[in-house]
Structure formats: structure tokens, C-alpha cells
Amino acid sequence: MSPESTGKALEVCVNPDYPTTFKFGSPLPPGTTVDVQPENRFAESRGPEVLTFIPREDYLPGERVKVTVRFGDGAAPAIATFVLAGHPARAVSQVQVFRHARPVEVCQQEARDARAEARQCQEENERLRAEGGRPDGLRGMFDAGVMDETGVSFLGLTDTISKPKDNVLEVERAESYRSTGPESRGRVAVRVKLLNPSAKPWTVAGAALMGPKGEELKPLPLWHTGPIHPGAKGGRVVVEFEATKDQARGAYTLKLWDAEGRTVALGKVTFP
């Protein structure tokens, strides 16, 4: 990203389990200051071109800390602002920050161009949703080009996954799936069957699949059977991701969370 002195602060997801590093494209000029508000919520380390933040163990989902970098050379943009937002599962491991000293008027024009491009993308998405018309189920997968004649491969995970003791729900059953389409297109999915031993209902609100090197696959829209009530068995969640035949290889960690940040984690998730 390129910081803009007049733009909105960039929001970055952070989690106590992972450090987040801001890597600048060039050494920070002498006199540069870094202001963190509120203070004492991170362990920090600084280098000539990097700032690294590790949230304290009690950093809560939804908690927000503002980081303001004031460059010491008097050029524009003079300030870069970030908001470190606590997330129950996700964390951005590295943020590339590029700063090109130039007149303020140029920065403002770039910001206007970016907003116009975002509006255009939004209009295009709305148009594609309106067109719709693609069939559901296996017909839809063939039509989308994410499955070929080899079909869908299945792998049982119930006996091999790891489940942290602090999971808010119990995992009764888990399976993974993979489809491969023409030109290396395809998808992977995880289906879990859950039991709620807590005193509050739980409804999945988000998911993340983290790889062994910190890479993350972003999920397609979640499918679930609705709220899992206290003591209820059989609540099911299906999380699907776009992945070529060479992606999603090795052991992954799947994290699910509800709107309150209560998480369910599955370690050692593999795909056929």
C-alpha cells in the first residue's frame, strides 16, 4: 500500500499468535516518529526499514489500536496511519508500505482515482450478481470450470486433526474434499459436524485457512445449518476455497468463529 496523508487509515488484522511487520520500501528518514495509541498493547521492534508489532496475550477480538508514522523529511505524504484490529483467527503477517515523496496535489488525485476504481468494481460485481443464471450443485461446478471428469476426491479427517482444548465447540466429524477443473482450476472444502457444550448458541460468522508458511486461502461464502444451540449435536459447517491442483498441499489450520469471536480450530487439516 501507499500511505496517503489525507486518506483513511489502513485497517490491519492482528492476532496474539502472529507478529505483524510493516516493511517500508526505503529506510525511514531521520526524525521519523511512531505513535501508538493506546500504548502498551504490543511488543514492538524497529529496524531501519521495518516496524514489527506483536499483540499482548490479552489483546481482544475487535480491539483497535492506532499507529501513526510521522516521516521526518518534510516530504508528502507526511503521515501514514494504520489501525491494528484484533481478530479471533486472522493476522496479516507483512504489510508492504511504499512512500513516494511528491506534491500533495498528486496524492489527492491518486486517492480520487482509487475511489473511482472501487466504485467501478462495485458496479461490476452488482452486474454479475444480477446476471446470475448459473446452475447449482455439480452442474454449476462443471459450468464454472472447477471440476472435470475425475469428479470430487474425499478424505476423512476425524481421527487425524488436532483440536485445541480451548475450542468453544467440539468437533464430532470432519472431512475434506478436492475438485480439479481444466487449466488447473479447482476447489477444496472442509465439512465439519459440531457439538455445542457451552451455555450460549453459536453461529459461524467467518473462517480462515492458514497454511504451514503463513499463507491464507480466502473462503467462498460459508454454508451452515444455522445456530448450534447449547447441547445440540449435528450442527454442520462447510467452508470452500478456490485452489488449483498444486495449492492446499500439506497441513493447514482451519479456524471458525462467531460474531462474538468465539473460535473453533482444527489443526493438521489436509486435502486429497
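Given the structure is predicted, the values throughout are model-derived calculations rather than measurements. (Residues numbered from 1 in each chain as written. Predicted model: local features only at pLDDT ≥ 70, side-chain atom pairs only at ≥ 80, totals over all residues. Heavy atoms only, no water.)

A few points about the side chain of T21
The test is simple: Helix and strand definitions follow DSSP, with helices as H or I runs of at least four residues and strands as E runs of at least two, each counted in order from the N terminus. Burial classes follow relative accessibility: with a 1.4 Å probe on protein chains only, a residue under 20% of its type's maximum area counts as buried, one over 50% as exposed, and anything between as partly exposed. Side-chain atoms alone can form a polar contact between residues adjacent in sequence; in general such a contact is a pair of N or O atoms within 3.5 Å, and within protein one must be able to donate a hydrogen while the other accepts it. Contacts between residues were defined by any pair of non-hydrogen atoms, one from each residue, lying within 4.5 Å.
Relative to the assigned elements, T21 resides in strand 2 (residues 20-24). Given a relative accessible area of 16%, T21 falls into the buried group. A distance of 3.0 Å separates the side chain of T21 from the side chain of T52, its partner in a polar contact. The contacts of T21, once residues within four sequence positions are left out, are V50, L51, T52, S93, Q94 and V95.

A few points about the environment of T180
Inspection of the secondary structure assignment puts T180 in strand 10 (residues 170-180). Sequence separation between T180 and A243 is 63 residues; the distance between their C-alpha atoms is 8.4 Å.

Side note on the confidence of the model for the chain
Applied cut-off: As a per-residue measure, pLDDT reflects the predictor's confidence and takes values from 0 up to 100.
When pLDDT is averaged across the chain, the result is 82; 81% of the residues are at 70 or more. Counted against residues more than four places away or in other chains, residues 2-6, with its pLDDT under 50, gives 16 contacts.

Thoughts on the pairing of strand 8 (residues 94-97)
Put simply, the rule is: One bridge is not enough; two strands pair if DSSP finds at least two bridges between them.
Side chains of strand 8 alternate between two faces, with V95 and V97 buried and Q94 and Q96 left unburied. Direction of pairing for strand 2 relative to strand 8: parallel, over a ladder of 4 bridges. Pairing of T21 across the sheet is with Q94, part of strand 8.

Regarding the side chain of N15
In this fold, N15 is placed in the loop between strand 1 (10-14) and strand 2. Polar contacts involving the side chain of N15 include one to the main-chain carbonyl oxygen of P88, which spans 3.3 Å. Setting aside chain neighbours within four positions, we find N15 in contact with P55, H87, P88, A89, R90 and A91.

Overview of the pairing of strand 12 (residues 206-210)
Burial analysis of strand 12 places 5 of its 5 residues in the buried class, the great majority of the element. Residues G206, A208 and M210 point to one face of strand 12 and A207 and L209 to the other, with burial holding for every one of them. In the sheet, strand 12 pairs with strand 16 (residues 252-257) via 5 bridges, with the strands oriented antiparallel. Within the sheet, the bridge partner assigned to L209 lies in strand 16 and is L254. Two elements, strand 12 and strand 13 (residues 216-217), share 2 bridges in a ladder whose sense is antiparallel. The partner of L209 across the bridge, within strand 13, is L217. Counting the residues in the hairpin turn of strand 12 and strand 13 gives 5 residues, including G214, whose phi is positive at 85 degrees.

Examining unusual backbone geometry
The linkage connecting Q37 with the following residue, P38, adopts the cis geometry, with an omega of -5 degrees. Backbone geometry places N40, a non-glycine residue, at a positive phi of 65 degrees. By the element assignment, N40 lies in the loop between strand 3 (33-37) and strand 4 (42-46). Phi at K268 is positive, roughly 60 degrees, even though this residue is not glycine. Its place among the elements puts K268 in strand 17 (residues 263-269). The exposure class assigned to K268 is exposed, which follows from its relative accessible area of 53%.

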